[in-house]
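Each chain is listed here by its residues.
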Amino acid sequence: MNNKMVWLVAWHEYSTNVRRPGFIFGTLIFPALGLIGLIVATFFSGQAVNILRNQFTPDTNQKVGVVDATHLYVPIETRFANRFVAFDSEDAAKSALAASQVVAVVIIPADYVQTGAVTIYSRNANFSTAIVADSAAINPFLINGLLKAKVDETTLTRVNRPMNATRLTLDADSKEQKPATNDPRNAFSFVGGIIISYAVALLLFVSIFSSANYLLRSISEEKENRVIEVLISSVSPMELLTGKVLGLGALGLTQMLVWIASAVLLSGGLAAVAVGLAVALSPTTFVLTAIYFVLGYLLYAIIMATAGSLGTSVRESQQIAGLFSFFASIPWMINGFLFTNPNVLIARVLSYFPLTAPVMMMLRLALGQPPIEDIIGSIVVMILTVPIFLWGGAKIFRTSLLMYGKRLSIKEIISVLRNV
Amino acid sequence: MADPVLYVDQLYKSYSSLIAVNKISFEVQRGEIFGLLGPNGAGKTTTIRMLMDIIAPDSGTALVLGHKPGAMRHRVGYLPEERGLYRGLKVRETLVYLGQLKGMSKKDAERKSDEWLTRVDLKDWGKNKIQELSRGMQQKAQLISSVLHDPDLIILDEPFQGLDPINVEAVRSIIRELRDAGKTVVLSAHEMSQVEVLCERIALIHRGQIVLYGNLKEIKKQFAPNAIEIAPPLNLEGWGEVAKAETLDGRQKVYLTESATPRDLLKKIFERGMMLDRFEMATVSLDEIFVKVVKGDSHEQ
């Protein structure tokens, strides 16, 4: 293979497609939307921020009204006075709520101790209500009222905060693997791992439908406009295919870098700090996801290129490619199971199937520590699969490129692959 | 004798039950214009694609410039039958890219592109997109792409397809220039009348097999009828020297009997005081030769 030709094809693909209006629009649309959002937020001088905050966070600066029929909670103790205010009647409390003097009202009936039932009123149905109901503020308040005369302070504190856990995991040899999770750096490492793996899994997914699709369109268009015969009289099909995979892979990478850079700029550098910290604290995860990203892209790029050569038109090629693209979405469909058990059997099986392995493994890495044999095994399977797909893809590519108006049948494809 | 530029021996290619190329053999010598002729579906394009290493033969040998097909891509220029360039790219940009794929440096490709665009009167269209050119202009641009890198061997598959007479003559002129510069040109066409004025040697393909091969003049001589063409047409009824006479477009083709010669006929015409504007040996076209050969082949079968 002549590397000079490969790089020439790669550069040509990159430089012509990066100038396409469709690519420029697709790349800049998300940063543009982010910028518009930032301008809108700035324009309203923090009003939008407050609105968003009020929607999604507890109103910690505003108090909760209490109407207590049990006489356990009034007068409000000093330690809770900054968050709770007592009302004599339900009507008075509701009036205060309507006047926005309180953010919510808790009605504690006389039979609360027996039933546990309380009624909570809030101004509107937003997340604040749920947060008030389940928040760390109201539970200690209620518990304190139930136990204050019955247990000492230490026991009361323990009841409010029953667990200060040390999280350890054991490997297959029953050896400890992780230090205590009460170290905030490890909590961040855990979160960082999720961010990296989920983000990269999503980026791989987007790349499959973005830069690999450019590859499909490139080949399909060259076949439609008949320039393909001139090309393969000058370079071998393998050189052409490899050049296109590299060039259009770089195109997809450019798009992602623009999105990441715009996220960094629009967040005032915060995103960069967060990502940098996540990478520093989860280097293994970062390296593994990078490996899966590269192998996954290569595999799907070859599939897309082959589909591009098989179809009689761009549309038909996209339909053929869609069959394979479906596999990339299967891991997302079972994502919910991974939260409870990242090593569930179906996830392990899909980790060894080349078409689902990259996305599956990145999701598993995000949520836990897959067994080392799964990591090594899936990488080995992919490393072996990529050249096999390249070999088969190049053979089909070479045969089907000059078939105008006709597509290879399954039987013919098998015959082509068998013919050494 | 120098090694042939193209050497083909028992080349064979089939698709399922269809035999596209059936053990053909021929050679093309350096510096000649060689015609690979035949009707549509004869196997010409399949043969050329095997020589260009675009498809692989099932069996047989092909050597291009003394090497296996594909090994000397940068020294071979190719104009495929299925025309096409990047419609959305500019003419010059396309030519430079295709030149670079043939091993040229960018600078050389740009310089030669400008030279050739001027040569074929497309100098003002270099910055236009391919899709903005007329069909004839696009074909000229594609012809440039096949010769830009100064190849030793140029293979042109149906080079006159879709061209008007002016452009046909322009392309013929370029082909002659290439031959005069020492290049070897292989022309493939189904309209044989268009290429027989250029070719020195030919191979005529029919149903995947070569039915005629060799020097064109000698082939024509071999098939030349014992006939003359005269104008204006004369009344030759009952003349013993005349086997048959055909009149068409103010000219008369007179087929002589086996024992008669053109001299005998001319002498008799003068003796009878008939007037003539034209008297020449009748030639036979490649089309006529092809029909004769194929029909003869059919009769044998």
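Residues numbered from 1 in each chain as written. Chains lettered and ligands numbered in written order. Predicted model: local features only at pLDDT ≥ 70, side-chain atom pairs only at ≥ 80, totals over all residues. Heavy atoms only, no water.

Right, let's talk about the overall build of chain B for a bit. Assigned secondary structure in chain B consists of 9 helices and 13 strands. Across its three principal axes, chain B shows a C-alpha extent of roughly 75 × 45 × 40 Å. A buried classification covers 49% of the 301 residues belonging to chain B. For chain B, restricting intrachain contacts to residue pairs at least 6 apart in sequence, the fraction spanning at least 24 positions comes to 66%. Of the accessible surface of chain B, which amounts to about 14700 Å², a share of 48% is contributed by carbon and sulfur atoms. Measuring between centres, the 42 positive side-chain charges of chain B sit 4 Å from its 42 negative side-chain charges. (Helix = DSSP H or I, 4+ residues; strand = E, 2+ residues; numbered from the N terminus. Buried < 20%, exposed > 50% of the residue type's maximum accessible area, 1.4 Å probe, protein only. Contact = heavy atoms within 4.5 Å. Areas by Shrake-Rupley, 256 points an atom, 1.4 Å probe, with all protein chains shown as cover. Lys, Arg positive; Asp, Glu negative; His and termini not counted. Charge placed at Lys NZ, Arg CZ, Asp CG, Glu CD.)

We now examine the overall build of chain A. The secondary structure content of chain A amounts to 20 helices and 4 strands. Across chain A, every contact between residues at least 6 apart in sequence was considered, and the portion connecting residues at least 24 apart equals 70%. Total accessible area computed for chain A in this model is approximately 21900 Å², and 67% of it derives from carbon and sulfur atoms.

Further remarks concern the layout of surface pockets. Considered as a void within the structure, the largest pocket measures approximately 1400 Å³ in volume. Considering the residues around the largest pocket, the lining is formed by 40 residues, among which Thr399 of chain A together with Lys13, Ser14, Tyr15 and Ile55 of chain B are closest to the centre. For the lining of the largest pocket, the class distribution of residues is 16 nonpolar, 11 polar and 13 charged. (1 Å grid on protein atoms, 1.4 Å probe; cavity = no way out; pocket = protein on both sides within 12 Å on 5 of 7 lines; lining within 4 Å. Points joined across faces, edges and corners; volume = space filled by probe spheres on them. Nonpolar A, V, L, I, M, F, W, Y, C, P; charged D, E, K, R; others polar.)

Contact residues are listed per partner, giving 22 residues for chain A and 24 residues for chain B. Buried surface at the junction of chain A and chain B, both sides included, amounts to about 2200 Å², of which 56% is carbon and sulfur. On the chain A side of the contact with chain B, Glu229, Ser233 and Arg398 of chain A bury the most area, a combined 25% of that side's loss. With a shortest N-O distance of 2.9 Å, Glu229 of chain A and Arg49 of chain B are connected by a salt bridge. (Buried area = accessible area lost by both parts, 1.4 Å probe. Salt bridge = Lys/Arg side-chain N within 4 Å of Asp/Glu carboxyl O.)

So, on to helix H18 (residues 357–367) of chain A. Side chains of residues three or four places apart in an α-helix project in the same direction, reflecting 3.6 residues per turn. Burial of H18 of chain A is extensive: 11 of the 11 residues sit out of reach of the surface. The set of residues buried in H18 of chain A consists of Ala357, Pro358, Val359, Met360, Met361, Met362, Leu363, Arg364, Leu365, Ala366 and Leu367 of chain A.

Another aspect to go through is the confidence of the model for chain B. Residue and element names in this part refer to chain B. Mean pLDDT for chain B: 89, with 98% of residues reaching 70 or above. The spread of mean pLDDT over the elements of chain B runs between helix H9 (residues 286–300), the lowest at 71, and strand S6 (residues 153–157), the highest at 96. Quick note on the complex model: pTM equals 0.73, ipTM equals 0.82. (pLDDT = per-residue confidence, 0-100.)

Moving on: helix H3 (residues 106–119) of chain B. Residues and elements named next belong to chain B. Under the 1.5 Å per step criterion, the end-to-end length of H3 is 20 Å for 14 residues, consistent within 8% with the ideal 20 Å. Listed as buried for H3 are Ala109, Ser113, Trp116 and Leu117. The buried residues of H3 all sit within an arc of 100 degrees when viewed along its axis, so they share a single face. Elements in contact with the buried residues of H3: helix H2 (91–101), helix H4 (135–147) and helix H5 (165–180). Phi for Asp121, located one or two positions after H3, is positive at around 60 degrees. (Expected span 1.5 Å × (residues − 1). Arc of directions from axis to C-beta.)

Turning next to the sheet that holds strand S9 (residues 209–215) of chain B. Residue and element names in this part refer to chain B. The 6 strands lie next to each other as S5-S6-S7-S3-S8-S9, forming an open sheet whose pairing is mixed. Every interior strand has two partners, whereas the edge strands, strand S5 (76–79) and S9, have only one. The average angle at which neighbouring strand axes cross in this sheet is 15 degrees, direction not considered. Relative to strand S8 (residues 201–206), strand S3 (residues 33–37) is paired through 4 bridges, and the arrangement is parallel. Its bridge partner being in S8, Phe34 is matched across the sheet by Arg201. Along the sheet, H4 makes contact with S5 and S6, crossing S5 at roughly 160 degrees. Where H5 meets the sheet, it contacts S3, S6 and strand S7 (184–189), and its direction lies at approximately 150 degrees from that of S7. (Pairing = 2+ DSSP bridges. Axes fitted to C-alpha atoms, helices over the stretch in contact; angles between N-to-C directions.)

The subject of this paragraph is the sheet that holds strand S2 (residues 18–28) of chain B. Residue and element names in this part refer to chain B. Here 3 strands make up an open sheet; going across it, the order is S2-S1-S4 and the pairing antiparallel. Sheet topology places S2 and strand S4 (59–64) at the edges, where each strand pairs with a single neighbour. In this sheet, adjacent strand axes meet at a mean angle of 20 degrees when their direction is disregarded. Where strand S1 (residues 6–15) and S2 come together, 8 bridges link them in antiparallel fashion. Residue pairing in the sheet places Lys13 in a bridge with Val21 of S2.

Our focus in this paragraph is the packing of aromatic side chains. Applying the stated criterion across every chain, the model contains 12 aromatic pairs over all chains. Here Phe34 of chain B and Tyr213 of chain B contribute two aromatic rings whose centre-to-centre distance is 6.4 Å and whose plane-to-plane angle is 65 degrees, an arrangement assigned as edge-to-face. Linking Phe34 of chain B in strand S3 with Tyr213 of chain B in strand S9, this pair joins segments that are 179 residues apart in sequence. Judged by its relative accessible area of 37%, Tyr213 of chain B is partly exposed. Cluster of aromatic residues (ring-pair linked, three or more members): Tyr73, Phe80, Phe84, Tyr112 and Phe141 of chain A. One residue, Arg172 of chain B, lies across the ring of Phe160 of chain B, its end atom 5.7 Å from the ring centre. Across from the ring centre of Tyr255 of chain B, 4.8 Å away, lies the NZ or CZ of Lys244 of chain B, which sits over that ring. (Phe/Tyr/Trp six-rings, centres within 6.5 Å; stacked < 30°, edge-to-face > 60°. Lys NZ or Arg CZ within 6 Å of the ring centre and 35° of its normal.)

Turning next to the pairing of S5 of chain B. Each regular strand shows side chains that alternate between the opposite faces of the sheet. All names here are of chain B. Side chains Val76 and Tyr78 of S5 all project onto a buried face; the interleaved residues Gly77 and Leu79 project onto the opposite face, where all are buried too. Two elements, S5 and S6, share 4 bridges in a ladder whose sense is parallel. Looking at S6, one finds that Gly77 is bridged to Ile154.

This part is about the nonpolar core. Leu231 of chain A together with Leu101, Ile175 and Leu187 of chain B are the most contacted members of the largest nonpolar core, which has 110 residues in total. The leading source of residues in this core is H2 of chain B, at 6 residues. Each residue touching Leu187 of chain B, except ones within four places of it in the same chain, is listed here: Ile33, Phe34, Gly35, Leu36, Leu37, Leu156, Pro159, Ile175, Val195, Leu198 and Cys199 of chain B. If you look at the next biggest cluster of nonpolar residues, it comprises 18 residues, including Leu288, Leu299, Ala357 and Val386 of chain A. (Core = buried A, V, L, I, M, F, W, Y, C linked by side-chain atoms within 4.5 Å.)

Here the focus is the environment of Ile334 of chain A. Residues and elements named next belong to chain A. Along the chain, Ile334 turns up in the loop between helix H15 (314–333) and helix H16 (335–340). When the C-alpha positions of Ile334 and Met360 are compared, they lie 9.3 Å apart, and in sequence the two are 26 residues distant. With residues up to four places along the chain from it excluded, the contact list for Ile334 reads Ile346, Ala347, Leu350 and Met360.

Along the chain, the position of Ser218 of chain A falls in helix H10 (residues 211–224). Setting aside its immediate chain neighbours within four residues, Ser218 of chain A contacts Glu13, Lys244 and Leu248 of chain A.

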